[in-house]
Amino acid sequence: MSRTNPSSTSASPADSSAPDKPPPGGLCAIHQPNFFPRLSTLAKIFAADYWIVLDDVQFARRDYQHRARLGSTSDPVQHQWLSIPTHLPRGRSTLVGEAVLVDPERSRRRVMLILAQHYGDCPDWPLFRHELESVLLQFRRTGRTADVAEESTRILLRLLGWKGRILHSSWLPARTERSQRLADLAAATGSRGYLCGSGGMRYLDVMPFAVPGVAVVPFVTPTVDIWEDARLVSAVHPLMTTGIPTAAEQLRAVASRHTVVTDLAQSTQVPGFRGRDNSPFLADSLGTKLGDQ
């Protein structure tokens, strides 16, 4: 198991670059850096004590690593893509951390303009605009799309008051098989639970998590109120339209419920929400426990 990218940064909280880590026993989220991520993705990271930035996997143009879907404040069904033109030096084999900006200065101006057009009249826009400056600076400081995307997530976490730490997969020891790799990354943080989205639950093998004693926690969000488009539009939209304090309160509530469910999962003594007979009864009931509250 080797570190694959010496250029990655050390562990850091959302608002500093200190290398210390939270106490072991928390929750872990592992996700590619998304550009102004959707609320469902942001909520999963917010619920975790660690976000491991998955920066050494293949870049996917159809994903959200270089683009965000913005909602309209006047028409709930109207959306607009905000994309960062990105070049893949090694074609489809390019890793997330290798993708480069095509025209950083033009992208910087466009991001600033379109976000202001969409949300400049919202009450919390001045707070957001202040934090946005660090994202805009990344366009001039780095040539990498991943750095811009990561910073866009960091500012949302800062606005919401997240106190977790950020690590990079390229600097953590892990084996190559997909589920085993996630288990190794989670174990490297000393986490007691791995928050897994609905996409990951379709393929994840929970058994590699058993050895380090990490519970696999299906991450589920509500489906009403600010969560209606949580899997569709950027989290910038609900933060601006409902207000940052209101959004933070709802994310804290979702995070708290997942902490409770993690405790319940660990009490079964088998990771992956499986009881003593190895039946996935808890995973089947998550929609009732978490999804529609």
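Structure first, text after, so check above.
Every chain begins its residue count from 1, and numbering advances along the sequence as written. Since the coordinates come from a predicted model, pLDDT governs what is reported: local features require at least 70, and pairs of side-chain atoms require 80 or more to be given and counted, while whole-chain, interface and lining totals use all residues. Based on all heavy atoms of the structure, the side-chain values leave hydrogens and waters out of the count.

A. Seen up close, the environment of glutamate 150. Secondary structure follows DSSP: runs of H or I at least 4 residues long count as helices, runs of E at least 2 residues long count as strands, and numbering of each begins at the N terminus. Its location among the elements puts glutamate 150 in helix 4 (residues 145-160). Given a relative accessible area of 9%, glutamate 150 falls into the buried group. When the C-alpha atoms of glutamate 150 and glutamine 65 are compared, they prove to be 9.1 Å apart, with 85 residues separating the residues in sequence. Pairs of residues are marked as contacts when any of their non-hydrogen atoms sit within 4.5 Å. Apart from residues lying up to four places away in sequence, glutamate 150 is in contact with Pro33, Trp51, Val53, Ile166 and His168. A simple rule labels every residue: compare its accessible area, found with a 1.4 Å probe on the protein chains alone, to the largest value its type can have, and call it buried under 20%, exposed over 50%, or partly exposed in between.

B. Structural detail: the pairing of strand 8 (residues 165-168). Burial of the side chains of strand 8 extends over both faces: Arg165 and Leu167 are buried on one face and Ile166 and His168 on the other. As judged from the four bridges shared by strand 3 (residues 50-53) and strand 8, these two strands associate in the parallel manner. By the bridge assignment for strand 8, tryptophan 51 is matched with isoleucine 166. DSSP calls a pair of strands paired once it identifies at least 2 bridges connecting them.

C. Spatial organisation of the layout of surface pockets. Considering only enclosed or pocket space, the largest pocket measures out at about 860 Å³ in volume. If you trace the largest pocket, you find 35 residues lining it, with His31, Gln32, Lys44, Gly199 and Gly200 closest to the centre. Every element with two or more residues in the lining of the largest pocket is listed here: strand 2 (27-31), helix 1 (39-46), helix 5 (178-188), strand 9 (193-196) and helix 6 (198-201). When its residues are assigned to classes, the lining of the largest pocket shows 14 nonpolar, 14 polar and seven charged. Lining residues are those with an atom within 4 Å of a point, where the points come from a 1 Å grid over the protein atoms alone and group into cavities, where a 1.4 Å probe fits but cannot get out, or pockets, open sets with protein on both sides within 12 Å along at least five of seven lines. Grid points are joined across faces, edges and corners, and a volume is the space filled by probe spheres set on the points. Residues were grouped as follows: Ala, Val, Leu, Ile, Met, Phe, Trp, Tyr, Cys and Pro as nonpolar; Asp, Glu, Lys and Arg as charged; and all remaining residues, including Gly, as polar.

D. Here's a closer look at the packing of helix 3 (residues 125-141) against helix 4. Fitting a line to C-alpha atoms yields each axis, with helices limited to the stretch in contact; the angle taken between N-to-C directions then spans 0 to 180 degrees. Axis separation between helix 3 and helix 4 bottoms out at 9 Å; the angle between their running directions is 160°. Taken as axis vectors, helix 3 and helix 4 run roughly antiparallel relative to one another. Classified by chirality, the crossing of helix 4 by helix 3 is right-handed. In this structure, helix 3 contributes Leu127, Phe128, Glu131, Leu132, Ser134, Val135, Gln138 and Phe139 to the contact, and helix 4 contributes Asp147, Val148, Glu151, Ser152, Ile155, Leu156, Arg158 and Leu159. Of the residues in the contact of helix 3 with helix 4, the class split is nine nonpolar, three polar and four charged. We call two directions roughly parallel when the angle between them is under 35 degrees, roughly antiparallel when it is over 145, roughly perpendicular when it lies between 65 and 115, and oblique otherwise. Whether a crossing is left-handed or right-handed is set by the direction in which the near helix is turned from the far one by less than a right angle, anticlockwise for left-handed and clockwise for right-handed.

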